[in-house]
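Structural overview
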Amino acid sequence: MAKTWLITGVSSGLGRLLAEKALIRGDRVVGASRSEDALSELRARHPERLRIVAMDLKDQSSVRAAVDRAFAASGRIDIVVSNAGYGLLGAAEEAGDVQVRDIIDTNLIGSIALIRAALPHLRSQGGGRILQVSSEGGQIAYPAFSLYHATKWGIEGFVESVAQETAPFGVEFTLVWNLGRRGPGSAAISRGPSRSRPMREHPPVRSARRSVAHG
């Protein structure tokens, strides 16, 4: 039986790949992106089964509105994929206040907002599954990725707790590790990594930057 997916970060990377694979197998996809114009070529090939909703993960009201529109348009959504996010390369003290707030708002608070917005719909329809994309960055830590690690460790703890709350309602969670390359540059990201302003005093960070630059 065909499934319906809601996938964030659908315009590129893993989000786009998941959307393409779901469409190939005959499923329906609601893709969330900062722009409703995303994936125009893919929408042209699957006009009846691919819909795009605008969502800004840094704006919780935007997240709630987009999720509500997705469920209203689809009737039922079987799988919600929380995928959008990015990395920030640099020592913790190098990052500006806006950079700190942006990565936490997107990777952690945005993912939490998505899950919280989807849960009432999933409960009311009798169940469903949420896939939370993470990486080895939610289990181990490298220098120069401290803020990225903070968001991934945070969302993994949130998911493991909420999964126990929602199991009686038939709402299940899966943590998906997108490992990619191993090492400091292996973070699963939909865009980035962005970079903070370098400081001379951090040799481990300089080494991490060289590792990322040279793959």
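On a predicted model such as this, the values are computed, not experimentally measured, just so you know.

1. Things to note about the nonpolar core
One finds L6, M55, V67, V80 and F173 to be the most contacted residues of the largest nonpolar core, which totals 28 residues. When sequence neighbours within four positions are dropped, the list of residues in contact with F173 reads I115, L119, R129, I130, V159, V162, A163 and T166. Membership of the second largest hydrophobic core comes to 16 residues, among which are V10, A22, I79 and V133.

2. What to know about the packing of aromatic side chains
In the structure shown here, the tally under the stated rule is one aromatic pair. A cation sits over an aromatic face here: R123 above F169, 5.6 Å from the ring centre.

3. Some thoughts on the confidence of the model for the protein
Residues with a pLDDT of 70 or more make up 82% of the protein, whose mean pLDDT is 88. Note on residues 181–192: pLDDT is under 50 here. Beyond four places in sequence and across chains, it has 35 contacts.

4. Quick notes on the sheet that holds strand β2 (residues 28–33)
Taken together, six strands build an open sheet; the order of strands is β3-β2-β1-β4-β6-β7 and the sheet is parallel. In this open sheet, the two edge strands, each paired with only one partner strand, are β3 (50–54) and β7 (171–177). Geometrically, the sheet is characterised by an average inter-axis angle of 20° between neighbouring strands, direction not taken into account. Where strand β4 (residues 79–82) and strand β6 (residues 128–134) come together, four bridges link them in parallel fashion. From the neighbouring strand, I79 faces β6, where its bridge partner is R129.

5. A look at the pairing of β7
Looking at chain direction, β6 and β7 are connected through seven bridges and run parallel. Considered in β7, the bridge of G128 is made with V171. The parallel pair β6 and β7, bridged by helix α5 (residues 146–166), forms a crossover whose chirality is right-handed.

6. Here's the deal with unusual backbone geometry
The phi torsion at L39 lies on the positive side, around 60°, for a residue other than glycine. The phi dihedral of A144 is positive, around 80°, even though this residue is not glycine.

7. Focus on the environment of R16
Following the sequence through the fold, R16 ends up in helix α1 (residues 13–24). By relative accessible area, which is 26% here, R16 ends up partly exposed. Once the C-alpha coordinates of R16 and G31 are considered, the two residues, 15 residues apart in sequence, prove to be 8.6 Å apart. Beyond its immediate sequence surroundings of up to four residues, R16 is in contact with G9, V10, S11 and L39.

8. Details of the packing of helix α3 (residues 60–74) against helix α4 (residues 97–124)
Packing of α3 against α4 brings their axes to within 9 Å, and their N-to-C directions diverge by 35°. Like other packed secondary-structure pairs, α3 and α4 cross with a definite hand, here right-handed. Counted together, Q60, V63, R64, V67, D68 and F71 of α3 and I109, A113, L114, A117, A118, H121 and L122 of α4 form the full contact between these two elements. Each residue belonging to the contact of α3 with α4 can be placed in one class, and the counts come to nine nonpolar, two polar and two charged.

Conventions we followed
- Residues numbered from 1 in each chain as written.
- Predicted model: local features only at pLDDT ≥ 70, side-chain atom pairs only at ≥ 80, totals over all residues.
- Heavy atoms only, no water.
- Core = buried A, V, L, I, M, F, W, Y, C linked by side-chain atoms within 4.5 Å.
- Buried < 20%, exposed > 50% of the residue type's maximum accessible area, 1.4 Å probe, protein only.
- Contact = heavy atoms within 4.5 Å.
- Phe/Tyr/Trp six-rings, centres within 6.5 Å; stacked < 30°, edge-to-face > 60°.
- Lys NZ or Arg CZ within 6 Å of the ring centre and 35° of its normal.
- pLDDT = per-residue confidence, 0-100.
- Pairing = 2+ DSSP bridges.
- Helix = DSSP H or I, 4+ residues; strand = E, 2+ residues; numbered from the N terminus.
- Axes fitted to C-alpha atoms, helices over the stretch in contact; angles between N-to-C directions.
- Right-handed = clockwise from strand over helix to strand, strands pointing away.
- Left-handed = near helix turned anticlockwise from the far one by under 90°.
- Nonpolar A, V, L, I, M, F, W, Y, C, P; charged D, E, K, R; others polar.

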